Amino acid sequence: MKKECVTMLLAGGVGKRLGLLTKNLAKPAVPFGGKYRIIDFTLSNCLNSRMFPVGVLTQYSPLKLHQHIGVGKPWDLDRMHDGLTILSPFTETHGGNWYEGTADAITKNINYIDNYDPEYVLVISGDHIYHMDYNQMLSHHKKSGADVTISVLEVPWKETSRFGILNTTDDLRIYEFEEKPIHAKSNLASMGVYIFNWKVLKEYLLEDASLENSDHDFGENILPAMLANNRRMYAYRFKGYWKDVGTIESYWEAHMDLFDQDLAQLLRNKEWPVYSHNSLLPPQLIEDGAIVRESLINNGCVIKGTVEQSVLFEGVTVGKGTRVSKSIIHPGAKIGENVELERVIVQENVTIPAGTTIVVGMDKEPVVLSNENINQFKQLFAGKKIKLA
Amino acid sequence: MKTMMGLINLGQEHDYLNELTYFRTGASVPFAGRYRLIDFTLSNMTRSNIYEVAIFAGNKYRSLMDHLGTGADWDLDKRHGGLFILPPDWNDPTDISKGDLRYFHNNFDYFERGKSEYVLISGSQFITSTVYDDMFQFHLDRDADVTLLTTSYPDPLPEHRSCIKVKMDEKSWVTCLCNEQENQPVFSGVYLLSKQLLLELVKECIAHHKENLFKDGIMANLERLKIQAYQYDGYSSVVNSIESYYRHNMALLEASSYQELFFSGNNVLTKVNNQPPTNYHDTAKVSKSLIATGCEIDGEVTNSILFHNVKVAQGATVKNSIIMQHCQIEEGVHLENVILDKNVTVTKNQALKGTKEQPFVVAKRRTI
């Protein structure tokens, strides 16, 4: 079956800087926004811009991710011939190996792409929170006659040192890459969204695969090699919210952004819905005496205490006399009575014993609470209140 | 292994919920913030290893069909078994059957094709969350012809008046089925018998120009059939009037009832819709309320139930009310003892008030 464009979604990264959140979980599967997992935003973009087929490349701790994606039903990607395929590393007659880099993951799946004999390949990653119409970018790519189009975001000049920066001519042709430059010449940051002409990409992938000292990475190897050969590479300007929730701090911030009136649209934009699996739990019960404000709360939560500026996933209970503030509570967490939590992230099914106080100051990184470390906290500070400020 | 097939018989249920059943059958009336009444019995069936369920749809079943779809949300869209919605569409000139027997007569195929030897029959008005496995085992152990699911309520309520009461001996053999008003076990509308017996009774009733399978086939044959009562003690309610509908919705605002109905066993399954978590804004004031997803709350909500995607504007108060999906409550509105059906908009500064016994009901898609 021939398709004009095949989408390759990179979802195998470790997400090291998310610490405990990605201890046993691929970063794209990290819960987000009271209901979703991070990858839902990308998969919903695929549906909303009608990009299929989609190959999802997984590797690190994929169990939850695989269960979540399944056959792609929540995103209408359970299609007969051109739906979603999970592409994990595999063995063959002559060995086989792990994906050794982003480019290597694509190289190892050249067969998958060639099945559809496409003109273009869209490469995206499952790590970012944003709404984007990839189809518009594809039209732009076709019009410009580029070999590669890279989606870019204007970032504040003082933050350019955190991003991969593209230096372009006035017509957005790229002449230079700078990874996290201290003195940037441009403020156009790459979003990790690329469209390649498949023929060109395949050539470069095969060549890169034969190089022993290559990291087989798009940003490090493939794109610089193309630039060196003077390939037509263009930037495509994206406007809107885009966030790489790469650290615990930015993960927390992205949640607090949801209380911003303008950004609330991220979850409730009727024109660009975000899809996910839906909870089977009953509606949430807000009991007598509870106080809930500036919060997002999902099904099955039972609230007896106070919840402020927090995001509660499904099935969370909050006991009497408890105050949860500026926190993110993952599914099924049980927060006992007279607990005080501020700026923490409570992981799935963790029980916070009655009387616990953990308040994290704004100058400290939010604390991730797991069943193991909550016990350590208890022993370390038996009877005392924990204040990390 | 002996197995059951399911039948939800709506053929003899009336449209008992006034405005709420103007446009839909009682079985598809929204309940408890996210469900439809039929979800309870349907979920109970699919949780009891029943893989094929037929629904005799009486009338106004468009919303029911929309809700059930292919049955995927109940895991009924399978190669083996499935969901069979059987509306009253028949044109057999030789058909002499009447009442709910017409459904059986015209859908004999469903029973004949099904592989299960037993049939569990239910209506949609008995609300509980359970599995029927124990009842099935009980039926087999007692070697009964028919087993009725019965339950007892400490205080008789108005909605029990029209329910069939069950008298039984010490071995729970049923001795009398009647409508006496004294308090005694109530028949839930759920019963179980072998497919063979069911079809015999159906044929016999039709041959004698009868009109109701349960009354004419089972109650009238009390002497001949061995009928057991299986007493069920879990949380349950009977919804057969606006008053009982309102009261049993409100009962779920008590944490104990909520826990018993929703967290004592399996999840109640329903059609899922894609809604974000509910957003409580700065000025929101919510207490003792059951709230579905996708709502945006700026105002005050007390002792109420909000279905998905309801907006309550700043300065609005909602008290003792049931607000169904996609309703908009604008600024300064005051609602008390009100039931708003789907897609109702209440414009600025309006006040609507009913009583607990007679809540003020607004039919769907109105703007007030």
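Residues numbered from 1 in each chain as written. Chains lettered and ligands numbered in written order. Predicted model: local features only at pLDDT ≥ 70, side-chain atom pairs only at ≥ 80, totals over all residues. Heavy atoms only, no water.

Caption draft 1: Structural view of the overall build of chain A. Helix and strand counts for chain A come out as ten helices and 31 strands. Taken along its principal axes, the extent of the C-alpha atoms in chain A is 65 × 50 × 45 Å. The buried share of chain A, reckoned over its 389 residues, is 59%. Relative to all contacts within chain A whose residues are 6 or more apart in sequence, the contacts with residues 24 or more apart total 58%. Total accessible area on chain A is roughly 16,700 Å²; 49% of this is exposed by carbon and sulfur atoms. Looking at chain A, you have 41 positive and 47 negative side-chain charges, and the mean spots of the two groups are 5 Å apart. (Helix = DSSP H or I, 4+ residues; strand = E, 2+ residues; numbered from the N terminus. Buried < 20%, exposed > 50% of the residue type's maximum accessible area, 1.4 Å probe, protein only. Contact = heavy atoms within 4.5 Å. Areas by Shrake-Rupley, 256 points an atom, 1.4 Å probe, with all protein chains shown as cover. Lys, Arg positive; Asp, Glu negative; His and termini not counted. Charge placed at Lys NZ, Arg CZ, Asp CG, Glu CD.)

Caption draft 2: Looking closely at the side chain of K27(A). Residue and element names in this part refer to chain A. Among the structural elements, K27 can be located in the loop between β1 (5-10) and β2 (31-32). Overall, the relative accessible area of 5% leaves K27 in the buried class. At 2.9 Å, the side chain of K27 forms a polar contact with the side chain of D244. Apart from the residues within four sequence positions on either side, K27 is in contact with G13, G15, L18, T22, I38, D127, D244, V245 and G246. (Polar contact = N/O pair within 3.5 Å; in protein donor to acceptor, adjacent residues only side chain to side chain.)

Caption draft 3: Region of the structure containing the confidence of the model for chain B. All names here are of chain B. Per-residue pLDDT for chain B averages 93, and the proportion of residues at 70 or more is 100%. Here helix α4 (residues 108-113) stands out as the element of chain B with the lowest mean pLDDT, 89, in contrast to strand β19 (residues 305-306), whose mean of 98 is the highest. In the predicted complex, the global pTM is 0.92; the interface-specific ipTM is 0.91. (pLDDT = per-residue confidence, 0-100.)

Caption draft 4: View of the packing of aromatic side chains. Following the criterion strictly, the structure yields 28 aromatic pairs over all chains and no others. Taking 5.8 Å as the distance between ring centres and 20° as the angle between the ring planes, the aromatic pair formed by F104(B) and F111(B) counts as stacked. Given a relative accessible area of 1%, F104(B) falls into the buried group. By the ring-pair criterion, three or more aromatic residues cluster together here, those being F31(B), Y35(B), F40(B), Y245(B), Y258(B), F262(B) and F263(B). In this structure, R343(A) is placed above the aromatic ring of W252(A), and the distance from its NZ or CZ to the ring centre is 4.4 Å. (Phe/Tyr/Trp six-rings, centres within 6.5 Å; stacked < 30°, edge-to-face > 60°. Lys NZ or Arg CZ within 6 Å of the ring centre and 35° of its normal.)

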